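Observations on the model geometry
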Amino acid sequence: MARFSNYKFISLAVTVIMLIVLLRTSNYSETNYTTSSVSNGETKQQTQSTGNSILNTLHENIQPLLDSTTGSKQTCEVVHVIVVDAGSSGSRVHVYDFNKCSGNKKPELIKEHFKMLKPGLSSFKSDFKGAAESLDPLLEFAQSVIPDDKQSCSPIVVKATAGLRLLGENESKAILDYVTTYINTEWPFNLVGKEPVAIMGGDQEGVFAWITTNFLLGNIGNGENLGKTAAIFDLGGGSTQIVFEPMLEDNKFVENEYKYDLNFGLKEQYELYQYSHLGYGLNEGRNKIYSTIIENSIKNGIVTKQSILQENSKIKLENPCLPPSTKLDNVKVTLEDGTIVTANFKNSQTEETFLQCRAVTEQILKKDTACLTQPCSFNGIHQPSLVKEFKDTSDLYVFSFFYDKTVPFGMPLNFNLKDLRNFAEIVCGGTNSWETQLSTMTDISTLSENLELCMELTFQFELLHTGYEIPLDRELKTCQQIEGNEIGWCLGVALEILSDDSSFKCDINQVLAKNTELAATAANAVSNEDTLVDVDMP
């Protein structure tokens, strides 16, 4: 900030020097001059003035600089922050317009601009150039909503999530390097930070989503910890995150990877539990269910691995997570040992097999894994109890695929796990169940086009209830937006960028450019004054 103040001082000095030059070339008394114009055959005369008007113009532009230098007046400016979410299922761009003020005032989010596309960067495993260019529609959209004079100093970051992590280090690094070079050379935006194009750590992903949600709800950013923050559960394609502020009055917080100390603003401090379960996003969870069915079939002697590996295999494996009397062919599945197979599945039963599907889904959660740090959620991962160590009056927000696989198919925005279980059971019931119980809630033709929905809803229910151990009667809230703004981790990232003044390098350039333009205007005014006076003298 000291460096920025020096630039302002230099800019102010330049302006003052121009003022002195003008004073020496003119007495700066108010000089009137007359201009003539012809309109509809009539000559019109207009009296205009110069001299003191230039002083007034200079004063109007000097005073804000004096105010910002001395701190006598708070200054605000509209700035734009661009965050690209390169997820496993697709890429999205968020352009945030903030009213950013000097001092400690809470930033005001004016508007969010949002656009998404498919596929995601992880779909371009070896086509690194194609991966970078796939962002073109998103970057063009960002250009269209940011004024031209702000584009070169609008900070941008590209954060990839679990999908790119799963590609492997070499492939993911190559894609990120291409994206970095591409934005630097082809686009006007300002990449900021040490790693502006990078894979986001799972802990950051969840914590930034927690910041976003609670900022939009008004739970944080108030100058103090109000003790009413919401817990968040984010279900992506490759991973799922849980973040909440536990009440640990009698138990000390475990000092390890699960704890996140957050300082938000100047006075707000939060001790958060966070964990990102890699491999338990919706896409990966679905793959785990398929893989488990295959492995169980091999283990029980129903098929051999060799027969599954055969190209164009006609074998159809029983899958209780499909609706009755349905089938699904040519499903690509990655087995636990990394082998990729193409398999066919069917549910030959005539009645729903929801309980059997639950049994397979519970198997992938690995609840019997040794819990080294008590208590645990699933897969041996430590987690404070959401019943004993989280306020029952605080909200639980579930979003991303938790929303996408429920609300569009007829679920309300607020529901409990009994509701979710009942809805999953109906969807898993097949055509008869859909017609009798869902025809007034949704277009049932969409269900026949989404045969994996039974599996996905069962996975969500088991993850929340069996995995995170949320009680059946606990209310959950889901949404895509709060107060018109997308929820997720992106706004949290933007707020962090917003806290660093160095992210907005154009501030200095704009001040200098403005005063250069002012100096040119003043010089032209003096020249025009001499010309006009000569013309109108008798």
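Look a little higher up for the structure.
One structure accompanies this document, and this report is about it. (Residues numbered from 1 in each chain as written. Predicted model: local features only at pLDDT ≥ 70, side-chain atom pairs only at ≥ 80, totals over all residues. Heavy atoms only, no water.)

Here we look at the side chain of serine 433
The condition that has to hold: Every helix listed is a DSSP run of H or I at least four residues long, and every strand listed is a run of E at least two residues long, numbered separately from the N terminus. Here, two residues are considered to be in contact whenever any of their heavy atoms come within 4.5 Å of each other.
Considering the arrangement of structural elements, one finds serine 433 in helix α14 (residues 431–437). With near-sequence residues (within four places) excluded, serine 433 lies in contact with Ile426 and Leu438.

Concerning the state of the cysteines
Applied cut-off: Two cysteine sulfur atoms form a disulfide, by the criterion used here, when they sit within 2.5 Å. The buried label goes to any residue with under 20% of its type's maximum accessible area, the exposed label to any with over 50%, and the partly exposed label to all in between, with areas taken from a 1.4 Å probe on protein chains only.
On inspection of all chains with the given rule, the structure shows 4 disulfides. The side chain of cysteine 76 participates in a disulfide bridge whose partner is cysteine 101; the two sulfur atoms lie 2.0 Å from each other. Given an S-S torsion of about 105 degrees, the disulfide between cysteine 76 and cysteine 101 has right-handed geometry. Of this pair, cysteine 76 sits in strand β3 (residues 76–86) while cysteine 101 is found in strand β4 (residues 91–101), placing the two residues 25 residues apart along the sequence. For cysteine 101, a relative accessible area of 13% gives the class buried. Sulfur-sulfur distance for the disulfide between cysteine 428 and cysteine 454 comes to 2.0 Å. Between cysteine 428 and cysteine 454, the S-S dihedral sits near 100 degrees, and the bridge is therefore right-handed.

Brief notes about the layout of surface pockets
Selection criterion: Method remark: on a 1 Å grid restricted to protein atoms, a set of points is classed as a cavity if a 1.4 Å probe fits but cannot get out and as a pocket if it is open with protein on both sides within 12 Å along at least five of seven lines; lining residues have an atom within 4 Å of a point. Grid points are joined across faces, edges and corners, and a volume is the space filled by probe spheres set on the points. Residue type decides the class: Asp, Glu, Lys and Arg count as charged, Ala, Val, Leu, Ile, Met, Phe, Trp, Tyr, Cys and Pro as nonpolar, and the leftover types, Gly among them, as polar.
Its boundaries defined by the atoms lining it, the second largest pocket holds a volume of some 1100 Å³. Glu284, Asn287, Lys288, Val333 and Thr334 are the residues nearest the centre of the second largest pocket, which is lined by 30 residues in total. Listing elements by their share of the lining of the second largest pocket, those giving two or more residues are α9 (282–299), β14 (326–334) and α11 (354–365). Top contributing element to the lining of the second largest pocket by residue count: α9, with 10 residues. Grouping the amino acids of the lining of the second largest pocket by side-chain chemistry returns 8 nonpolar, 13 polar and 9 charged.

Overview of the pattern of salt bridges
Filter applied, for reference: A carboxyl oxygen of Asp or Glu within 4 Å of a side-chain nitrogen of Lys or Arg is what we treat as a salt bridge.
Applying the stated criterion to the full structure yields 16 salt bridges. A network of salt bridges, in which partner residues are shared, links Arg286, Lys405, Glu452 and Glu456.

Re the side chain of threonine 361
On the secondary structure map, threonine 361 appears in helix α11. Apart from residues lying up to four places away in sequence, threonine 361 is in contact with Ile289, Cys321, Thr458, Phe459 and Glu462.

Some words on the pairing of strand β10 (residues 239–244)
What counts is decided by this rule: In this analysis, strands are considered paired if DSSP registers two or more bridges between them.
Within β10, 6 of the 6 residues are buried, leaving the element largely enclosed by the surrounding structure. What you see with β10 is no split at all: Ser239, Gln241 and Val243 on one side and Thr240, Ile242 and Phe244 on the other are buried throughout. Across 4 bridges, the pairing between strand β9 (residues 231–235) and β10 is antiparallel. When the sheet's bridge partners are listed, isoleucine 232 is paired in β10 with valine 243. Hairpin connection, β9 to β10: the antiparallel pair is bridged by 3 residues. In this sheet, strand β12 (residues 268–278) lies alongside β10 in antiparallel orientation, the contact comprising 6 bridges. Opposite glutamine 241, over in β12, you have serine 276 as the bridge partner.

Side note on the packing of aromatic side chains
This is how it is decided: Two rings from Phe, Tyr or Trp (for Trp, the six-membered ring) form a pair when their centres sit within 6.5 Å of each other. Planes less than 30 degrees apart are called stacked, planes more than 60 degrees apart edge-to-face, and all others tilted. In this scheme, the term charge over a ring applies when either NZ of a lysine or CZ of an arginine sits within 6 Å of the ring centre and within 35 degrees of the ring normal.
Per the counting criterion, the structure on display carries 12 aromatic pairs. Judged by centre distance (5.5 Å) and plane angle (80 degrees), the rings of phenylalanine 244 and phenylalanine 390 are edge-to-face. Residue phenylalanine 244 is found in strand β10, and its partner phenylalanine 390 is found in the loop between α11 and β16 (396–400); the two are separated by 146 residues along the sequence. On the accessibility criterion, phenylalanine 244 (0% relative accessible area) is buried. Clustering of aromatic rings is evident, with ring pairs tying together Phe244, Tyr258, Tyr273, Tyr275 and Phe390. Across from the ring centre of tyrosine 280, 4.8 Å away, lies the NZ or CZ of lysine 288, which sits over that ring.

Topic: the sheet that holds strand β13 (residues 316–318)
Counted only if it meets this: Between N-to-C directions, angles span 0 to 180 degrees; the directions come from axes that are lines fitted to C-alpha atoms, helices contributing only their stretch in contact.
The strand order β13-β15-β14 describes an open sheet built from 3 strands, whose pairing is mixed. Looking at strand neighbours, the two that pair on one side only are β13 and β14, the edges of this open sheet. For this sheet, the mean angle separating the axes of adjacent strands, direction not counted, is 40 degrees. As defined by bridge partners, β13 adjoins strand β15 (residues 340–347) across 3 bridges and the pair is classed as parallel. Bridging from a neighbouring strand, leucine 317 pairs with phenylalanine 345 of β15. In the packing of α9 onto the sheet, contacts are made with β13, β14 and β15, and the angle to β14 comes to roughly 95 degrees.

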